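Okay, here's what each chain looks like letter by letter:
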Amino acid sequence: MPWNEDMVITAYACLWLAVLGAVLGSFLDCAVSRWAAGEPWHRGRSRCASCGHPLGARDLVPVFSFLFRRGRCRFCGGKIPAECLLAELAGAGMFLCLGLRFGPRPVLGQWLVWAGALLALSLTDAARRVIPDALLLALAVNRLLWLVLLRENPAETALGILTSCAVPALLLALVLAAEKLLGREVMGGGDCKLLFALALYLGWAELLLALLAACLLGLLWAALAGRRRGAAVPFGPFLTAGAVCTVCFGGPVIQWYLGLF
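Residues numbered from 1 in each chain as written. Predicted model: local features only at pLDDT ≥ 70, side-chain atom pairs only at ≥ 80, totals over all residues. Heavy atoms only, no water.

Caption draft 1: Representation of the packing of helix α4 (residues 107-128) against helix α9 (residues 236-258) within the structure. In contact at an axis separation of 8 Å, α4 and α9 are set at 155° when each is read in the N-to-C sense. It follows from the interaxial angle that α4 and α9 lie roughly antiparallel. Relative to α9, the crossing made by α4 is left-handed. Contacts from Trp-111, Trp-114, Leu-118, Leu-121, Ser-122, Asp-125 and Ala-126 of α4 reach α9 at Gly-236, Pro-237, Thr-240, Ala-243, Val-244 and Val-247. For the contact of α4 with α9, the residue count by class is 9 nonpolar, 3 polar and 1 charged. (Axes fitted to C-alpha atoms, helices over the stretch in contact; angles between N-to-C directions. Helix = DSSP H or I, 4+ residues; strand = E, 2+ residues; numbered from the N terminus. Parallel < 35°, antiparallel > 145°, perpendicular 65-115°, else oblique. Left-handed = near helix turned anticlockwise from the far one by under 90°. Contact = heavy atoms within 4.5 Å. Nonpolar A, V, L, I, M, F, W, Y, C, P; charged D, E, K, R; others polar.)

Caption draft 2: Summary view of unusual backbone geometry. A positive phi angle, near 70°, is found at Val-63, a position not held by glycine. Following the sequence through the fold, Val-63 ends up in the loop between α1 (5-36) and α2 (64-68). The exposure class assigned to Val-63 is buried, which follows from its relative accessible area of 15%. Even without a glycine there, the phi angle at Arg-129 is positive, about 60°. Turning to its location among the elements, Arg-129 is positioned in the loop between α4 and α5 (133-149). Residue Arg-129 is classed as partly exposed on the basis of its relative accessible area of 44%. (Buried < 20%, exposed > 50% of the residue type's maximum accessible area, 1.4 Å probe, protein only.)

Written out as structure tokens, the structure is:
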């Protein structure tokens, strides 16, 4: 099929969105690493974690610097954590998929901010098993802001959000019952709050699919990583991955499933 002007514009926009996502992933990884170490996240130049040497511009090109240096510092040869590359690839992939899903339209702005906040909280959860309330609040404020900017119907949006919130509310009740029965934590409080934040954006069916995808991805990762049964696993990154996959690719799956009834 020959390309038309809209397809060319979308492809060009997605290319730069991928670049922007990789840059954001690199920045957030650095900021979260400093935050986890108890350092000011917004001050000072980037340095090698092994030798402390300041990094130059050619050392900080997202994805490519890691690949060209084979994951090692050019000053001391120390190993660069693979998490750096994963954060950059995750940011690029999220922004690229959202660009393909929504195209160069105003609503894309809402989803890019959403993805950035989810990437940040995924990194904090992976680093310290913490999902900061400030990032959850940012998700809520972003949704409220775009509700006004996109001139959505407040009544319809509120009804949809309330319906979606039934999913995390039911899950929370089940989690509390299971924790009381088993006498141990089953699901972190931050994960439950994240589900309520996702309910501001996703319909009930999308939220269920995102939760299912998150569970499957978490189980797959635990199996591949050789995690023992009962070991604590940060669930925020998998909820993020499930939500992004659902928003970008989940529509046909939901339509197929609901068409069975």
